[in-house]
Amino acid sequence: MKYNIAVLDGDGIGPEICSGAIKVLERIGEKFGHQFNFTHYLIGGSAIDACDTPLPVETVTGCLASDSVLLGAVGGYKWDNMPVDKRPEKGLLGIRKAMELYSNIRPAKLWKSLVSASPLRPDLVKDGVEIIIVRELTGGIYFGERGKGGEGKDAFAWDTEKYSVYEIERIMKIACELAIKRSKRIISVDKANVLESSRLWRKTVHEYAELHYPEIQVEDMLVDNTAMQIVKNPAQFDVVVTSNIFGDILSDEAAQVTGSIGMLASSSLGDGTRGLYEPIHGSAPDIAGKDIANPIATILAAAMMLRDSFGLQREYSAIEAAVGSVLEDGYRTADIMQEGKTRVNGSRMAQLIAERI
Ligand code: NAD
């Protein structure tokens, strides 16, 4: 098959890590008989420098015309003092909006060979952990009605958490599509003992799964208990679906369980199959241009693209297995270096992974 991928390298380490992911995708193409066409577009600080805007029109048009988008990261010291609408992050928010992406999927995976990187006790994580948080991205309290009034000690302010059946069903569909390819289990996180919006959430996720995905088992968990369970027994989780604010908080907590920012990928999806795939870390200006950045998060983001946008499960598994094998053999970039292991630079890490596919 032929796939057109828009690549938004961005700033800092963005071009290095994207080049590592492209190397791996090209190897997948050779091995499995696919053709990946990569077209690079500007975003973030590099776009500000070249076109005086963090999100040029050609970038939006190119992404909308592509089969999917791979993003490095945006931002850096140089643009830190720009006015708000000219900041690199504005490019990122703008492209998510233009592509109408309403879900954010963040797998927090702790690889068995990196168990000692986790801040948790080894016996809690010895068999590895993979928590996939599916977060609703465009609704809830971050986008609800808000206001403020009064003055001094009488000042007050409010924000509104509101969800419609339509919004809950469309995020649940994304969670079900993921769960069906995995454990067929979903934990839905809410605060239904207190919030009316959570009670609608709970009712809707069950009705939706029973009607459309009867083979999937849906369990409910209150958000406060979930926060506790993630550190108490992280291995019990597989796919977790939740609202915007709960997902925001829990995904950072789950990421921390894995102990290494350079290993975690994320995707944002909307109604179609086209998605935006990126590492969860930023542009790391402190190490940019030194070829020491870990490319694995971006390589895993590319793997998620193959699975979730193109339906290429075997190709996804091939990348995941290659990453696991390179780690098992003791190769490490600086950020995940451990005693007795072999340190390699970023481009070598990508090369090693590509060679094992
Ligand atoms: P960061 O994630 O860029 O870096 C935090 C620390 O982790 C740094 O020490 C960095 O060297 C290290 N690090 C990050 N990625 C790494 C990798 N792949 N390999 C090895 N080490 C890695 O966060 P920050 O320093 O707070 O932000 C830097 C810039 O990135 C800022 O301009 C910020 O706004 C931007 N940012 C962008 C995104 C994005 O594009 N999605 C996300 C977060 C931050």
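Since the structure is predicted, the reported quantities are computational estimates derived from the model, not experimental observations. (Residues numbered from 1 in each chain as written. Predicted model: local features only at pLDDT ≥ 70, side-chain atom pairs only at ≥ 80, totals over all residues. Heavy atoms only, no water.)

1. Observations regarding the overall build of the chain
Thought 1: Of the regular secondary structure elements, the chain holds twelve helices and 14 strands.
Thought 2: Taken over C-alpha atoms, the radius of gyration comes to 20 Å for the chain, in line with the 21 Å a tight globule of 357 residues would show.
Thought 3: In terms of overall dimensions, the chain has C-alpha extents of about 55 × 50 × 45 Å along its principal axes.
Thought 4: Each of the 357 residues in the chain was classed as buried or not, and the buried ones make up 53%.
Thought 5: Residue pairs at least 24 apart in sequence account for 75% of intrachain contacts in the chain once pairs closer than 6 positions are excluded.
Thought 6: Accessible surface, the chain as shown: approximately 15,900 Å² in total, 52% of it carbon and sulfur.
Thought 7: Taking the average place of the 40 positive charges on the side chains of the chain and the average place of its 49 negative ones, the gap between the two points comes to 3 Å. (Helix = DSSP H or I, 4+ residues; strand = E, 2+ residues; numbered from the N terminus. Rg over C-alpha atoms; globule rule 2.2 N^0.38 Å. Buried < 20%, exposed > 50% of the residue type's maximum accessible area, 1.4 Å probe, protein only. Contact = heavy atoms within 4.5 Å. Areas by Shrake-Rupley, 256 points an atom, 1.4 Å probe, with all protein chains shown as cover. Lys, Arg positive; Asp, Glu negative; His and termini not counted. Charge placed at Lys NZ, Arg CZ, Asp CG, Glu CD.)

2. Considering the pairing of strand E9 (residues 217-222)
Thought 1: Bridge count between strand E8 (residues 185-190) and E9: six bridges; the pairing is parallel. In the sheet register, Ser 188 faces E9, and the bridge partner there is Asp 220.
Thought 2: Tracing the backbone out of E8, into helix H7 (residues 196-212) and back to the parallel element E9 gives a crossover that is right-handed. (Pairing = 2+ DSSP bridges. Right-handed = clockwise from strand over helix to strand, strands pointing away.)

3. Describing the packing of helix H10 (residues 296-309) against helix H11 (residues 313-328)
Thought 1: Between H10 and H11, the least distance of the axes is 7 Å, while the angle of their chain directions is 160 degrees. One element, H10, and the other, H11, form an angle in the roughly antiparallel class. Crossing hand, H10 versus H11: left-handed. Taking contact as the criterion, the partners of Ile 296, Ile 299, Leu 300, Ala 303, Met 304, Leu 306 and Arg 307 in H10 are, on H11, Gln 313, Glu 315, Tyr 316, Ile 319, Val 323 and Leu 327.
Thought 2: The residue makeup of the contact of H10 with H11, split by class, is ten nonpolar, one polar and two charged. (Axes fitted to C-alpha atoms, helices over the stretch in contact; angles between N-to-C directions. Parallel < 35°, antiparallel > 145°, perpendicular 65-115°, else oblique. Left-handed = near helix turned anticlockwise from the far one by under 90°. Nonpolar A, V, L, I, M, F, W, Y, C, P; charged D, E, K, R; others polar.)

4. Regarding the domain arrangement of the chain
Thought 1: In terms of domain boundaries, the chain breaks down into domain 1 (1-104 + 264-357) and domain 2 (119-257).
Thought 2: When each unit is reduced to the centre of its C-alpha atoms, the spacing between domain 1 and domain 2 is 26 Å.
Thought 3: Between domain 1 and domain 2, the contact holds 15 residues from the first and 15 residues from the second.
Thought 4: Counting each side, the surface lost to burial between domain 1 and domain 2 is near 1,100 Å², with a carbon and sulfur contribution of 56%.
Thought 5: At the boundary of domain 1 and domain 2, one finds zero salt bridges.
Thought 6: Looking at the side of domain 1 that touches domain 2, the elements with two or more residues in it are strand E4 (103-110), strand E11 (265-269), H10 and H11. (Domains from an automatic or database assignment. Buried area = accessible area lost by both parts, 1.4 Å probe. Salt bridge = Lys/Arg side-chain N within 4 Å of Asp/Glu carboxyl O.)

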